[in-house]
Number of protein chains: 2
Amino acid sequence: MAAVRVRQTVPVSEFDDGSAVSARAGEVGVYDAGLGEGWRIGGGVNGGLLLSVVGRALSEELGREDGERPGHPHPLAISAYYLTPGVPGPATVRTSVLRHGRAVSNGQASLVQEDGAGGEVERLRVLATYGDLATMDQDATTTAVPPELPPPDRCVSAEQAPPQFLKHASLLERLDLRLDPATTGWAVGKPSGNGVIRGWLRMADGREPDPLLLLLAVDALPPVAFELGLPGWAPTLELTAHVRARPAPGWLRVVLTSRTMSGGYLEEDAEVWDSEGRLVALSRQLARAATPRR
Amino acid sequence: MAAVRVRQTVPVSEFDDGSAVSARAGEVGVYDAGLGEGWRIGGGVNGGLLLSVVGRALSEELGREDGERPGHPHPLAISAYYLTPGVPGPATVRTSVLRHGRAVSNGQASLVQEDGAGGEVERLRVLATYGDLATMDQDATTTAVPPELPPPDRCVSAEQAPPQFLKHASLLERLDLRLDPATTGWAVGKPSGNGVIRGWLRMADGREPDPLLLLLAVDALPPVAFELGLPGWAPTLELTAHVRARPAPGWLRVVLTSRTMSGGYLEEDAEVWDSEGRLVALSRQLARAATPRR
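Thresholds, definitions, all that
Residues numbered from 1 in each chain as written. Chains lettered and ligands numbered in written order. Predicted model: local features only at pLDDT ≥ 70, side-chain atom pairs only at ≥ 80, totals over all residues. Heavy atoms only, no water. Helix = DSSP H or I, 4+ residues; strand = E, 2+ residues; numbered from the N terminus. Contact = heavy atoms within 4.5 Å. Areas by Shrake-Rupley, 256 points an atom, 1.4 Å probe, with all protein chains shown as cover. Least-squares fit on C-alpha atoms with pLDDT ≥ 70 in both. UniProt positions renumbered as here; feature names shortened; annotations may be inferred. Salt bridge = Lys/Arg side-chain N within 4 Å of Asp/Glu carboxyl O. Buried < 20%, exposed > 50% of the residue type's maximum accessible area, 1.4 Å probe, protein only. Pairing = 2+ DSSP bridges. Expected span 1.5 Å × (residues − 1). Polar contact = N/O pair within 3.5 Å; in protein donor to acceptor, adjacent residues only side chain to side chain.

### Some thoughts on the overall build of chain A
Item 1. Helix and strand counts for chain A stand at 4 helices and 17 strands.
Item 2. Based on the C-alpha atoms only, the size of chain A along its principal axes is roughly 55 × 50 × 45 Å.
Item 3. In chain A, the proportion of contacts linking residues at least 24 apart, taken out of those at least 6 apart, comes to 70%.
Item 4. Accessible surface, chain A: about 12300 Å² in total, of which carbon and sulfur atoms supply 52%.

Right under this line is the structure:
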């Protein structure tokens, strides 16, 4: 008997598909995921996508309401420590709830993959504070000023990137990324040394931003190390993101900055602004710039 | 028979005493600590001191050399998620090693205290990447510029702080803190609203800075929320610090900034500069500004 194929009337976006998790029956807090070939960057799966997968599993765990307390579906602060590079294929996310609070809840999670020898290897370990941005992002005051960028059609898109860059970056096919040409000197062998890369970002398939997508956005641009004249991928050791508000639909603006390199490590700060000019996410990562192995 | 008291010829500094940990016999990775009355701030023990206690335990665990790999005694990146306020009294730190690497190692730790009902309550959960700064902090390049401050004797010391501030801040007796008078309007009821507090910092007993002390330094100043006109202590939900170099002896300069408050939460960024003008630590925390409980 042939299975009936149900025509999917609401297509799942690439991001929702790529970061999907499925609760494993009979194992509390355990989720199955699949890391797709389409999210590669450099030597592995993009760190922002890995964070989104884990962030979604924590959202499932911490977002559930019960009689006693409201659900906390959104990451307010989330820290990922990257242990080994994620590779395309099945993955398991194990979550645990550290604390259910009135205003916020805390969780921990670990993403592991099979190591090919019957065991498993951990890719990243995560701690997070979750809350409900729907109850808290109306009132905001800031002294921060949105970045000035040329309009998207005057910026540099991924199609114009050098082939050796695109070759290891299937991630870029998921994104509509337009970089300010003032910050793309690295692409033509003339990095400015300023330590700034900024650009417009939206998903290629039109998927609108939400708090979970911001976890991808903070790590989706080329490494700011490129514009410091440091070629080669800069593996992330640690990344912490704060989501400060639910983004409005439309383009995001992302600004990466780095000021200090010391002992082969540099920090990369990301600010993400929504189409209404609000600072919706902040992140900082510590990355290794120089040495190929750690 | 009276016990013989051994005269201590090398006095232990207040910080080393306050952050001391002692490996518990027979339990791998478990350390005993005691949180002192002298590190109170607001409603509990200072979050930077708590981080220093955990940071020291992780330094013991990850700093050990073995035949295969070098020791990694210094925190390069450390993230703390604060669950409940620490109180003076005994504490237990449980550590686990996530990964021993060639250049860096990763650990996790939890600080717990007795809950008074026969159980225990977790104060903070920590993830960290440790390395050896002695092998890596010689070469540094930066575009960051050290802050300009009036000399320490023209700054405002803790003795000049309002009594209601000092009352709940025994921590300040451990510190020699001199705040730039341009950033202390809050102390006389006239916060600037600029979201900046900066000052000189050293330990009152002369203890020189090292990587561990920087974990205290990033959270030792009055909350930047004060200068935003938000009185009341701002409990930390999450704090991540990057230690970028071993600090030189002498005064540290610390700059706190905050730009955005949203839904009652604000970020507080700290930069710590050493006496040679090097940016030795960066941190960011997410704090709750408005509501007294969470």
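### Digging into the relation of the copies chain B and chain A
Item 1. Of the transformation placing chain B onto chain A, the axial shift is 0.0 Å and the rotation is 180°, giving an RMSD of 0.0 Å. In short, the pair behaves as if placed about a two-fold rotation axis.
Item 2. With an isologous cut-off of 70% or more, the 100% of interface residues of chain B that recur at the interface of chain A puts this contact in the isologous class.

### Observations concerning the UniProt feature "domain: Acyl-CoA thioesterase-like C-terminal" (unreviewed entry) in chain A
Item 1. In the numbering adopted here, UniProt assigns the feature "domain: Acyl-CoA thioesterase-like C-terminal" (unreviewed entry) to residues 152-287 of chain A.
Item 2. Helix and strand shares over residues 152-287 of chain A are 8% and 37% respectively, and the end C-alpha atoms of the span are 28 Å apart.

### A word on the pattern of salt bridges
All names here are of chain B.
Item 1. Applying the stated criterion to the full structure yields 36 salt bridges over all chains.
Item 2. Arg178 is the partner of Asp176 in a salt bridge, and the nearest nitrogen-oxygen pair spans 2.7 Å. Assigned by exposure class, Asp176 and Arg178 land together as buried.

### Comments concerning the pairing of strand E6 (residues 89-100) of chain B
Residues and elements named next belong to chain B.
Item 1. The sheet contact formed by strand E2 (residues 30-35) and E6 spans 6 bridges and is antiparallel. Bridged to Gly34 within E6 is Pro90.
Item 2. In this structure, E6 lies alongside strand E7 (residues 105-114), joined through 8 bridges in antiparallel fashion. In the sheet register, Ser96 faces E7, and the bridge partner there is Gln108.

### Structural notes on helix H2 (residues 47-63) of chain B
Residue and element names in this part refer to chain B.
Item 1. For H2, which comprises 17 residues, the first-to-last C-alpha distance of 23 Å matches the rise-based estimate of 24 Å (1.5 Å per residue) to within 8%.
Item 2. Among the 17 residues in H2, 14 count as buried, and that is most of the element.
Item 3. Its side-chain oxygen placed 2.9 Å from the backbone nitrogen of Gly48, Asn46 serves as the N-cap of H2.

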